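Okay, here's what each chain looks like letter by letter:
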Amino acid sequence: MATIVLGVQWGDEGKGKLCDILSSDVQICARATGGRNCGHTVVTAGVSYDFHMLPSGLLHPKTTNLIGPGVVLHVPTFFSELASVEGKGVVNAQQRLKISTRCALNLDLHAAADRLREVSLGKKNIGTTGKGIGPAYSSKAERSTVLLADLLDDDEFGDRIRAMERDYKLRFGGDLGDYDVEAEIKELENFRERLRPFSLDDVEYLEEAQEQGKKILIEGAQSALLDITYGTWPFVTSSSTTFGGVMAGLNLNPRKVDSVIGVLKAYSTRVGSGPFPTEDFGEVSSKLQEIGHEFGVTTGRRRRCGWLDLVVAKYSNCVNHYDALNLTKLDVLDTFEEILVAVAYKHPDTGEVIKSFPASAKLLSRVEVVYKTMKGWKTKTTSTQKFSDLPKEAQDYITFIEDFLNVKIKWVGCGPKREDILVR
């Protein structure tokens with residue numbers, strides 16, 4: 001009944017495209033974690049849609065879309081993004097959008113604090129999106145934040161925001177830049193009645209949907225290696241981006257989860273700081289960036305690029321236990337004579353193979369990567385619809401990944417458009 005789509009690497013794998021395709025066959029598409037720091041791009045009928053707050057299932061007129069309680073909600077972004085998709089012709093979007101009243105708010109105050117903290121860290125900064133996601137989740141953990149339910153029903157919600165502002169001023173020496181707490185409180189008050197039609201009790205809603213046997217798709221945010229527990233800590237996001245995070249961020253019946261699908265890019269990318277064992281600093285990186293258009297949807301930052309890391313993918317599978325994989329952007333590799341794939345790490349001091357994925361960011365940044373070299377196919381694969389029509393070398397690349405991970409690759413992305421995907 002429920003299908004969960006998760007990122008295998010460091011995000012930006014192309015989850016939005018698969019979610020868009022699968023959403024056509026479900027009644028509900030839901031977000032469970034993250035916030036406006038997410039960025040999913042879907043291209044259909046020549047129109048590009050960038051999703052940050054909203055589930056990408058909005059593109060299908062019969063799919064209801066839910067922002068679950070594990071998400072931190074930035075209200076202005078919710079409405080601006082809604083206006084954007086409506087302006088591009090998405091029909092009945094408002095009638096098909098629901099928000100859990102248990103969502104914690106992501107305030108502009110949080111964004112101001114996020115940026116100041118990154119500046120204070122200097123060269124050791126995390127490389128956040130600057131959207132205030134970390135402070136928003138911190139405020140939730142500290143029990144000092146405002147929930148959507150508070151905004152709707154508690155006239156004293158502003159006092160909580162004022163208290164948070166005072167705390168941040170103490171922390172940052174009284175300077176929050178041009179942030180205006182009273183302006184933000186007033187803006188939220190003005191949004192209150194506009195939010196009410198979208199708001200609901202997610203527990204009641206999803207419990208009823210599951211009892212009725214409705215098909216549910218969960219659109220994962222970020223990816224396994226950015227998880228607050230299992231990611232390359234501390235260079236991670238501030239929520240749980242794995243299967244466990246989905247179960248905490250939505251009241252799904254685990255017995256009714258049909259499949260967990262991992263989305264794996266055919267090479268590796270990362271945005272922000274942190275260890276990246278297969279990162280390339282030369283021609284390979286430049287080619288991947290340019291051919292793959294590797295610029296962040298949310299920040300516009302140029303993504304760091306390198307070869308596919310199957311040590312990362314295997315670790316990710318151990319955490320999420322994928323039933324199937326979607327390999328994306330295979331066509332980006334079409335012009336390479338040789339393609340390298342990371343298959344092991346060696347300890348930098350002993351030279352011995354490291355059996356488990358390092359928890360230490362310091363060690364991970366120092367590992368010696370063991371590569372397998374594979375022959376490139378030097379043939380255009382864009383828009384290929386059948387596995388048998390792929391060049392033999394591309395087929396070998398796909399089956400090697402399958403055999404290494406012992407997970408079936410069911411979908412292969414061969415281009416940016418919705419239809420540029422083959423199903424096996």
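The structure this text deals with has already been given above.
Calculation criteria
Residues numbered from 1 in each chain as written. Predicted model: local features only at pLDDT ≥ 70, side-chain atom pairs only at ≥ 80, totals over all residues. Heavy atoms only, no water. Axes fitted to C-alpha atoms, helices over the stretch in contact; angles between N-to-C directions. Helix = DSSP H or I, 4+ residues; strand = E, 2+ residues; numbered from the N terminus. Parallel < 35°, antiparallel > 145°, perpendicular 65-115°, else oblique. Left-handed = near helix turned anticlockwise from the far one by under 90°. Contact = heavy atoms within 4.5 Å. Pairing = 2+ DSSP bridges. Buried < 20%, exposed > 50% of the residue type's maximum accessible area, 1.4 Å probe, protein only. Polar contact = N/O pair within 3.5 Å; in protein donor to acceptor, adjacent residues only side chain to side chain. Phe/Tyr/Trp six-rings, centres within 6.5 Å; stacked < 30°, edge-to-face > 60°.

Draft legend 1. View of the packing of helix H2 (residues 75-87) against helix H7 (residues 181-195). Remark: H2 packs on H7, axes separated minimally by 10 Å, with the N-to-C direction vectors making an angle of 55 degrees. Between H2 and H7, the angle is such that the two are oblique. Seen along the crossing, H2 lies across H7 with a hand that is left-handed. Here H2 contributes Val75, Pro76 and Phe79 to the contact with H7, which in turn contributes Glu187, Leu188, Phe191, Arg194 and Leu195.

Draft legend 2. Just the sheet that holds strand S9 (residues 199-200), in detail. The mixed open sheet is built from 10 strands, whose spatial order is S9-S7-S5-S2-S10-S1-S11-S15-S18-S19. Edge positions in the sheet fall to S9 and strand S19 (421-423), since each of these pairs with one other strand and no more.

Draft legend 3. Layout of helix H11 (residues 310-320). Buried residues dominate H11, accounting for nine of its 11 residues. Inspection of H11 places Leu310, Val311, Val312, Ala313, Tyr315, Ser316, Asn317, Val319 and Asn320 among the buried residues, and these make up the whole buried set. Of the surrounding elements, those touching the buried residues of H11 are strand S1 (2-7), helix H9 (243-249), strand S11 (257-265), strand S14 (308-309), strand S16 (338-346) and helix H13 (392-405). Two or three places before Val311, at the start of H11, stands the capping residue Asp309, its side-chain oxygen 2.9 Å from that residue's backbone nitrogen. Note on H11: the residue one or two positions beyond its end, His321, has a positive phi of about 55 degrees.

Draft legend 4. Main features of the side chain of Thr232. Checked against the element boundaries, Thr232 lands in the loop between strand S10 (216-223) and H9. On the accessibility criterion, Thr232 (4% relative accessible area) is buried. Within the structure, the side chain of Thr232 is placed 3.5 Å from the side chain of Trp10, a separation counted as a polar contact. At 3.0 Å, the side chain of Thr232 and the side chain of Arg270 are in polar contact. Not counting residues within four places of it along the chain, the set of residues in contact with Thr232 comprises Trp10, Leu225, Arg270, Pro275, Phe357 and Leu364.

Draft legend 5. View of the packing of aromatic side chains. Taken as a whole and assessed by the stated rule, the structure comprises 11 aromatic pairs. Plain terms: the ring middles of Tyr49 and Phe51 are 6.5 Å apart, the flat faces sit at 20 degrees to each other, and that makes the pair stacked. For Tyr49, a relative accessible area of 8% translates into the label buried. Here Phe79 and Phe191 contribute two aromatic rings whose centre-to-centre distance is 5.0 Å and whose plane-to-plane angle is 5 degrees, an arrangement assigned as stacked.

Draft legend 6. Focus on the environment of Glu338. By secondary structure assignment, the location of Glu338 is in strand S16. For Glu338, a relative accessible area of 48% corresponds to the partly exposed category. Not counting the four nearest positions on each side in its chain, Glu338 is found in contact with Trp307, Thr373, Met374 and Gly376.

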